[in-house]
Amino acid sequence: MWWEQHERDAPELVPTPFLQSIFDHGNVVGEVARGYVPHGLLIGGPPLSLEDRAQRTREAIDAGARVIYEAAFLADGVFVAVDILERVSDGYVLIEVKSTLDVGDKHIPDVAVQLYALERAGLNVVRAELMHLNRECRYPDLTNLFVREDVTERAREALQSMPAQIARLQSILAGELPTVAIGGHCSTPYACAFERRCWPAKEADGITTLHNLRKAKAAKMIAAGCVSITQLPSDYRATGPAARQIESLRSGHSIIDARLGNALRQFTPPLAFLDFETIAPPIPRWPGLAPMAKVPVQFSVYTVDENGEREHPWLAEGALDPRPALADALLTACAGAQTVLAYQAEFEKSRIKELAAALPDRAAALLDLESRIADVLPVVRDFTYHPAYGGSFSLKKVLPALVDGLGYDDLELADGASAATLLEKLLFDSASLGAEGVAHARSVLTKYCGRDTYGLVRLHARLWELAAAQGAGA
Ligand code: SF4
């Protein structure tokens, strides 16, 4: 908070693609939510000053507005903007809109501070609500897109400590940069953008990279002087991947388990390699879909058989439901494969089961395909460790570590969140990209998705090499 206020241009405050996609979805949901409490007056945001926004809100209230969007209040140096303020017969309802399927404790302080500012401004708030997306909603019936959850009691409870909390935070802001120890609060309930300033740099052997180590425990270890995995006491208890990671870093060598070859033999050829790219629109677009449902709109399949390696890329076009065409193309691409390999395959399996449920006439074929999918990740995780994994078994870490010269640095798209954002733009807002932009987007998306499957083909081959070398050396 101190850095956010005192270094507003800090590079850490530029949202990551992942965060930006969350913000974009939040804005869409916020706008759509207004339609469910309609006929309101929108108070403008920046560049209007906070004072002007509060003044306009006051004027709207005095003029008897029934609903106000982005209703702004300034009280005791605290500024809040209420997503929707609704006047009812006996007072006001404060509505905080969330673009999530569930709400929890972490959302209550947001409501409580708004309640504080509204009451300081003299409003009689009779109810506080969190309005969030409804997981029971199914397109095309969007009448129940939102749930309005009454959190008045919980907000009132949190309100009791609000004056003291506000005073404390204001005094911190007015002072020098406070000294705060690192800990679990750096990632829970939200990841802090300034982690790099406070935590030790992420070295390959850094204690924070220890597989599955929780942040709070890592902070304690660092405070005790243990910043590297190699500094762990010899009796430190670790199992599975973490134990292999420790052993690998202490010895400086990769670990290849003697059972790797057997693990690979479960993948009966002919093989196909599959990767989906999905979107998860907060407002569903196609029949039967719930808000935020993940929908595959692109895939890459590599087949490896007696005819050699061949890529079968597929990418949806336009805003129409792509699932039937995607399913047909997918079934055709994987038709000759006995085993279809994916990385973190539960994701692909789940999407295919959902496709089967949505497309009854193709369900049998899709479920058969789903039964042929196998996961490469457990094989990597349980039978190998390379110091460059950095405690992670994501393909983006494993691939460059095991397959020379193959990574993601040369790609324009860096991650799945950026791909999903571009996919949504391509499908639903292609006009904003223009013809050239559309062609470019299709090209970078095809390269990005294809890298995962091509990488998986190379990784699978490399694992066989390692197993063979291990066998030869045994
Ligand atoms: S990384 Fe942790 S200690 Fe540092 S500013 Fe963020 S929350 Fe505070």
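Counting of residues starts from 1 at the beginning of each chain's written sequence and follows it residue by residue. Local features in this predicted model are restricted to residues of pLDDT 70 or higher, and side-chain atom pairs are both shown and tallied only at a pLDDT of 80 or more, whereas totals for entire chains, interfaces and linings draw on every residue. Side-chain descriptors were evaluated using all non-hydrogen atoms of the structure, hydrogens and water having been removed beforehand.

Caption draft 1: Structural context of the layout of surface pockets. Using protein atoms alone on a 1 Å grid, points that fit a 1.4 Å probe yet trap it form a cavity, whereas open point sets bounded by protein on both sides within 12 Å along at least five of seven lines form a pocket; residues with an atom within 4 Å of a point count as lining. Grid points are joined across faces, edges and corners, and a volume is the space filled by probe spheres set on the points. In this structure, the second largest pocket occupies an estimated 210 Å³ of space. Lining the second largest pocket are 14 residues, and of these G288, L289, A293, R323 and E354 lie nearest its centre. Of all the elements in the fold, those that place two or more residues in the lining of the second largest pocket are β9 (295-305) and α12 (346-358). Strands are runs of DSSP state E lasting at least two residues, helices are runs of H or I lasting at least four, and both sets are numbered from the N terminus onward. With 4 residues, the single largest contributor to the lining of the second largest pocket is α12.

Caption draft 2: Representation of the side chain of E348 in the model. Structurally, E348 can be placed in helix α12. Here's how the labels work: a residue is buried when its accessible area is under 20% of the maximum for its type, exposed when over 50%, partly exposed in between, all with a 1.4 Å probe on protein chains only. Note on charges: Lys and Arg go in the positive column, Asp and Glu in the negative column, and His and the chain ends are not counted at all. Each salt bridge in this description consists of a side-chain nitrogen of Lys or Arg and a carboxyl oxygen of Asp or Glu lying within 4 Å of one another. It is R351 that comes nearest to the buried, bridge-free E348 among opposite-charge side chains, at 7.6 Å. For this analysis, residues touch if any pair of their heavy atoms sits within 4.5 Å. Not counting the four nearest positions on each side in its chain, E348 is found in contact with L274, D275, F276, A342, Y343 and I373.

Caption draft 3: Summary view of the nonpolar core. Only buried Ala, Val, Leu, Ile, Met, Phe, Trp, Tyr and Cys residues count toward a nonpolar core, and they belong to the same one when joined by side-chain atoms within 4.5 Å. F299, Y343 and L459 are the most contacted members of the largest nonpolar core, which totals 78 residues. Looking at this core element by element, the count peaks at 10 residues for helix α17 (residues 434-473). The contacts of L459, once residues within four sequence positions are left out, are Y343, V376, V380, L395, V398, L399, L402 and V403. Membership of the second largest hydrophobic core comes to 30 residues, among which are I61, A117, L118 and V151.

Caption draft 4: Fine view of the environment of V93. Among the structural elements, V93 can be located in strand β4 (residues 91-98). Considered as a pair, V93 and F18 are 75 residues apart in the sequence and their alpha carbons are 32 Å apart.

Caption draft 5: Inspection of the sheet that holds strand β12 (residues 373-375) at higher detail. Taken together, the 5 strands give an open sheet; going across it, the order is β10-β9-β8-β11-β12, and neighbouring strands pair in mixed fashion. With one partner strand each, in any of the chains shown, β10 (308-315) and β12 form the two edges of the open sheet. Taken pair by pair, the neighbouring strands of this sheet meet at an average axis angle of 30°, ignoring direction. Sheet topology places strand β11 (residues 339-342) next to β12; 3 bridges connect them, and they run parallel. Bridge assignment links A342 to a residue of β12, and that residue is D375. Running at roughly 10° to β9, helix α11 (residues 323-333) makes contact with β8 (271-279), β9 and β10 of the sheet. For two strands to be treated as a pair, DSSP must find no fewer than two bridges joining them. To get an axis, a line is fitted to the C-alpha atoms, and for a helix only the part in contact is used. The angle between two axes follows their N-to-C directions and goes from 0 to 180 degrees.

Caption draft 6: Main features of the domain arrangement of the protein chain. We note that the domain assignment places domain 1 (2-171), domain 2 (184-236) and domain 3 (261-473) within the protein chain. Here domain 1 and domain 2 have C-alpha centroids that lie 35 Å from each other. Taken together, the contact between domain 1 and domain 2 spans 8 residues of the former and 6 residues of the latter. Note on domain 1 versus domain 2: buried area summed over both sides is about 680 Å², and carbon and sulfur give 63% of it. When the buried surface of domain 1 facing domain 2 is broken down by residue, W3, E12 and K106 rank first, second and third, together holding 79% of it. Domain start and stop points were drawn from an automatic or database domain assignment. Accessible-area loss on putting two parts together, using a 1.4 Å probe and summing over both, is the definition of buried area adopted here.

Caption draft 7: Here's a closer look at the site of the ligand. If a single non-hydrogen atom of a residue is within 4 Å of a molecule or strand, that residue counts as near it. Around the ligand, the surrounding shell consists of W3, V180, H185, C186, C192, E195 and C198. Side-chain classes are defined by residue name, with Ala, Val, Leu, Ile, Met, Phe, Trp, Tyr, Cys and Pro counting as nonpolar, Asp, Glu, Lys and Arg as charged, and the others, Gly among them, as polar. Its residues assigned to classes, the shell around the ligand shows 5 nonpolar, 1 polar and 1 charged.

Caption draft 8: Local environment of the pairing of β9. In terms of residue burial, β9 counts as a mostly covered element, since 9 of its 11 residues are buried. For β8 and β9, the ladder comprises 9 bridges, and the chain directions are antiparallel. Within the sheet, the bridge partner assigned to L274 lies in β9 and is V301. Strand direction decides the pairing type here: β9 and β10, joined by 8 bridges, are antiparallel. Bridge pairing in β10 places Y302 opposite E311.

Caption draft 9: Layout of the pattern of salt bridges. Within the structure shown, the criterion is met by 28 salt bridges. Among the ionic pairs, D382 bridges to R381, the shortest N-O distance being 3.0 Å. A residue is classified by how much of its surface remains accessible, and D382, at 26% relative accessible area, is partly exposed. Through salt bridges with shared partners, a single ionic network connects R66, E86, R127, E129 and R148.

Caption draft 10: Summary view of the packing of helix α2 (residues 17-34) against helix α16 (residues 416-428). Two numbers describe how α2 lies on α16: the axes approach to 8 Å, and their chain directions differ by 40°. In this view, α2 runs oblique relative to α16, as classed from their interaxial angle. Every pair of crossing elements has a handedness; the one defined by α2 and α16 is left-handed. Touching P17, F18, S21 and H25 of α2 are A417, S418, T421 and E424, all from α16. Tallied by class, the residues present in the contact of α2 with α16 amount to 3 nonpolar, 4 polar and 1 charged. For this classification, under 35 degrees means roughly parallel, over 145 means roughly antiparallel, 65 to 115 means roughly perpendicular, and everything else is oblique. Crossings are sorted by hand: turned counterclockwise from the far helix by less than a right angle, the near helix makes the crossing left-handed, and turned clockwise it makes it right-handed.

Caption draft 11: Spotlight on empty space enclosed by the protein. Counting across every chain of the model gives 1 cavity of 30 Å³ or more. By volume, the largest cavity amounts to about 30 Å³. Lining the largest cavity, in full, are P281, P284, R285, W286, L289, A290, A293 and V295. Residue composition of the lining of the largest cavity, grouped by class: 7 nonpolar, no polar and 1 charged.

Caption draft 12: Highlighting the sheet that holds β4. A sheet is described by the order of its strands in space; here 6 strands give the open sequence β1-β2-β3-β4-β5-β6, paired in mixed fashion. What marks the edges here is a single partner per strand, and that holds for β1 (41-42) and β6 (146-150). Where β1 meets strand β2 (residues 67-75), 2 bridges bridge the pair, whose relative direction is parallel. Considered in β2, the bridge of L41 is made with I68. Against the sheet, helix α4 (residues 108-120) engages β2, β3 (78-88), β4 and β5 (125-133), with an angle of about 80° to β3.

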